[in-house]
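Descriptive structure summary
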Amino acid sequence: MKKYTIGIDYGTLSGRAVLVDVENGEEVCDSVLEYKHAVMDKYLPDSTKRLPSETALQHPQDYLDVLQITVPEVLRKGNVSKEDIIGIGVDFTSCTVLPVDKDGTPLCFKEEFKDRPHAYVKLWKHHAAQREADLFNKVAHRRGEKFMARYGGKMSSEWVVPKAMQILHEDEEIYEAMDRFMEAGDWVVMMLVGEEKRSLCQAGYKAVWSKRDGYPCKEFFAELDSRMENFVEEKLSNHIYATTDLAGYLTKDAAELTGLVEGTPVAVANIDAHVALPAVRITGPGKMLMIMGTSTCHIMMSEEEHFIPGVGGVVEDGVVPGYYAYEAGQACVGDHFDWLVRNCVAGSYEKEAAEKGISIHQFLESKVKEQLPGESGLIALDWWNGNRSILTDASLSGMLLGATLQTKPEEIYRALIEATAYGTRIIIEAFEEGGVPIEELYAAGGIARKSELMMQIYADVTNKEIHISASRQAPALGAALFGAVAAGSKSGGYDTIEEASEHMSRLQDKVYIPNADNVRRYDKLFQEYKILHDYFGKGGNDVMKRLRSIKSDAMRTRM
Ligand SMILES: Nc1ncnc2c1ncn2[C@@H]1O[C@H](COP(=O)(O)OP(=O)(O)O)[C@@H](O)[C@H]1O
Ligand SMILES: O=C(CO)[C@@H](O)[C@@H](O)COP(=O)(O)O
């Protein structure tokens, strides 16, 4: 009798369930649900009051809807009986955090808080806590906190503590009312098994926790704000579980919600990027995975702990127990192609793409795919949603240089692709200089499969071969692998993530090989990118920050 696990992957705009055959990793079917509230960056539901800039909120009801709709749908589509599901795994974008009360109810579900922005989920790309991140950095450096080395020397405004500080600074009542500030992944797992099992991966990368040292000390939090002295004890769970651990078993309520059997094993939550490594056959060092979608995450493992300036986090056991895993990232990749498509492309292009039966992205790509590197005369900086690595500064912004009256939208499109590739090369060089060599690149995520041009450009810019995930949804497949480990071999699953990866993961046959001529041309362009990168990003010219502050001032005046 065949056995299956279900991987549930929560992305930025949608959640999906994938039904996976445990024996060979075949993805039998999937079901995707777009979040009804999507990303709330302008208004709360039923409100006309404009949210402050850089806000990115979500509604947790959307996460429950994913469970209720997609899980029964994969059972139906796959024609599989619920008794044959031996385990469930969940992964989530991160740091995506929400305030909940003692019972785990999100504060935004409560009538009295439903018009309060800070009662909602703060999505990973909520960048409104930069002021708090700056304060965090100042205090940590003044105190000489050793933990900063694990986070590349800089705390990101995306992570847990700056986001909690923002709540305290802007809506103390919500801060007081929140019993815990939970990662959305942990919250969903709690909805499934009935209790919180805080994930090591999420706590390690996003909440300054380490296996060796735990969380930062009380004195540190007190210096951030005296009201935060007991932040860990009051707002976070101190019981941390490895992602290969069993979180618990499906409760009766969760079984009713999902249509699965009560008692089905559920894995501890994982982060979408990290969970994908075993799904592309990576269970050890030397191989960097780029998960390329709205944003890109770069994850890799090493036997040793290295502190690399600007690399977002190094966490012991962060992906596979026994290794140190590193995370770096680019906060805007697909998102800025989307920006271009939505704002700068003429209707005639859309019409032509529709007539050809291809997406506007593919159409733009087809118009520039034969160009040589540098032929457009353009170069861009890829910071249209700030810089996550290596500069770790959300207040930086995008830039396009070299535009003339002859510049075409498709050339800007290609320049943006190239900018993200240069950004990735900066990250790769930082790893290699920091003592973590990268032998091969792997790519997963929507873009890795959608854009051949982009993958070839990445191979040429980085001068490295790139292997591509065979799965359309590596994070969901990865979650299914962890579900198989939660089930264990006695139920037909696996006892280790290495075993699950060996049996359940696959790569495409196609490998992108660097083209020597393009590598040479891109080397020259990359040197130009580096000049701009260091000039605008390392204090040579803070014009981007000044513009941002002039903008905030203008917006305050208007409000
Ligand atoms: N052919 C393409 N080439 C490059 N980017 C694309 C293409 N088609 C869609 N995109 C971008 O891919 C992103 C979506 O990636 P995907 O992996 O599907 O989603 P997510 O990151 O939310 O999981 C969008 O931002 C979109 O701009
Ligand atoms: O930051 C992380 C992981 O640490 C991601 O969850 C975040 O970049 C969102 O990823 P997506 O672009 O939605 O795939």
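Every residue gets a number counted from 1 within its own chain, in the order that chain's sequence is written. Each chain takes a letter, starting from A, and each ligand takes a number, starting from 1, following the order in which they are written. With the structure being a predicted model, the display of local features is reserved for residues of pLDDT at least 70 and the display and counting of side-chain atom pairs for 80 or more, all residues being used for whole-chain, interface and lining totals. Each side-chain value is worked out from all heavy atoms of the structure, with water and hydrogens disregarded.

Looking at the side chain of K122
A run of H or I in DSSP becomes a helix once it reaches four residues, and a run of E becomes a strand once it reaches two; helices and strands are each numbered from the N terminus. Tracing the chain through its elements places K122 in strand β7 (residues 121–122). Side-chain polar atoms of K122 contact the side chain of H118, separated by 2.7 Å. Any two residues having at least one pair of non-hydrogen atoms within 4.5 Å are treated as being in contact. Sequence-distant contacts of K122, defined by excluding residues within four places in its chain, comprise A56, L57, C95, T96, V97, K163, Q166 and I167. In protein, a polar contact means a hydrogen-donor-capable atom and an acceptor-capable atom, both N or O and within 3.5 Å, with residues adjacent in sequence counting only if both atoms are side-chain atoms; elsewhere, any N or O pair within 3.5 Å suffices.

Notes on the pattern of salt bridges
Criterion for a salt bridge: a side-chain nitrogen of Lys or Arg within 4 Å of a carboxyl oxygen of Asp or Glu. This structure, assessed with the given rule, holds 43 salt bridges. Here R116 makes a salt bridge to D171, at a shortest N to O gap of 2.8 Å. Here R116, found in the loop between β6 (97–100) and β7, pairs with D171, found in the loop between α3 (160–170) and α4 (172–177); they are 55 residues apart in sequence, far enough to count as distant. In this scheme, a residue with accessible area under 20% of its type's maximum is buried, one over 50% is exposed, and one in between is partly exposed, where area comes from a 1.4 Å probe on protein chains only. Looking at D171, the relative accessible area reads 12%, which means it is buried. Salt-bridge contacts for E316 lead to K211; the nearest nitrogen and oxygen are separated by 3.8 Å. In this pair, E316 is assigned in strand β16 (residues 313–316) and K211 in the loop between α6 (200–206) and α7 (218–224), connecting sequence segments 105 residues apart.

Observations regarding helix α1 (residues 60–78)
Because each turn of an α-helix spans 3.6 residues, side chains separated by three or four positions in sequence point in the same direction. Here a helix's expected span is defined as the number of its residues, less one, multiplied by 1.5 Å. Here α1 spans 27 Å end to end across 19 residues, near enough to the 27 Å set by a 1.5 Å rise per residue. Just downstream of α1 lies N79, where phi reads positive at about 55°.

Examining the UniProt feature "domain: Carbohydrate kinase FGGY C-terminal" (unreviewed entry) in the protein
Mapped onto the present numbering, the UniProt feature "domain: Carbohydrate kinase FGGY C-terminal" (unreviewed entry) falls on residues 289–487. With 43% helix and 19% strand, the stretch residues 289–487 has end C-alpha atoms that lie 26 Å from each other. UniProt positions are given in the numbering used here, feature names are shortened, and annotations may be inferred rather than shown by experiment.

Considerations on the domain arrangement of the protein
In many analyses, interface size is given as the accessible surface area lost on bringing the parts together. Domain start and stop points were drawn from an automatic or database domain assignment. Taken domain by domain, the protein consists of domain 1 (4–274) and domain 2 (281–472 + 506–558). Together domain 1 and domain 2 conceal approximately 2,800 Å² of surface at their shared face, both sides included; 48% is due to carbon and sulfur atoms. At the boundary of domain 1 and domain 2, one finds nine salt bridges. Between R388 and E158 there is a salt bridge, with the nearest N and O atoms lying 2.9 Å from each other. The interface formed by domain 1 and domain 2 contains 18 residue pairs in polar contact (both at pLDDT 80 or more). Counting residues per element, the side of domain 1 that touches domain 2 draws most heavily on α6, at five residues. Considered class by class, the residues forming the side of domain 1 that touches domain 2 number nine nonpolar, 13 polar and 11 charged. The term buried area denotes the loss of accessible surface (1.4 Å probe radius) that occurs when two parts are joined, taken as the sum for both partners. Asp, Glu, Lys and Arg are counted as charged, while Ala, Val, Leu, Ile, Met, Phe, Trp, Tyr, Cys and Pro are counted as nonpolar; the rest, among them Gly, fall into the polar class.

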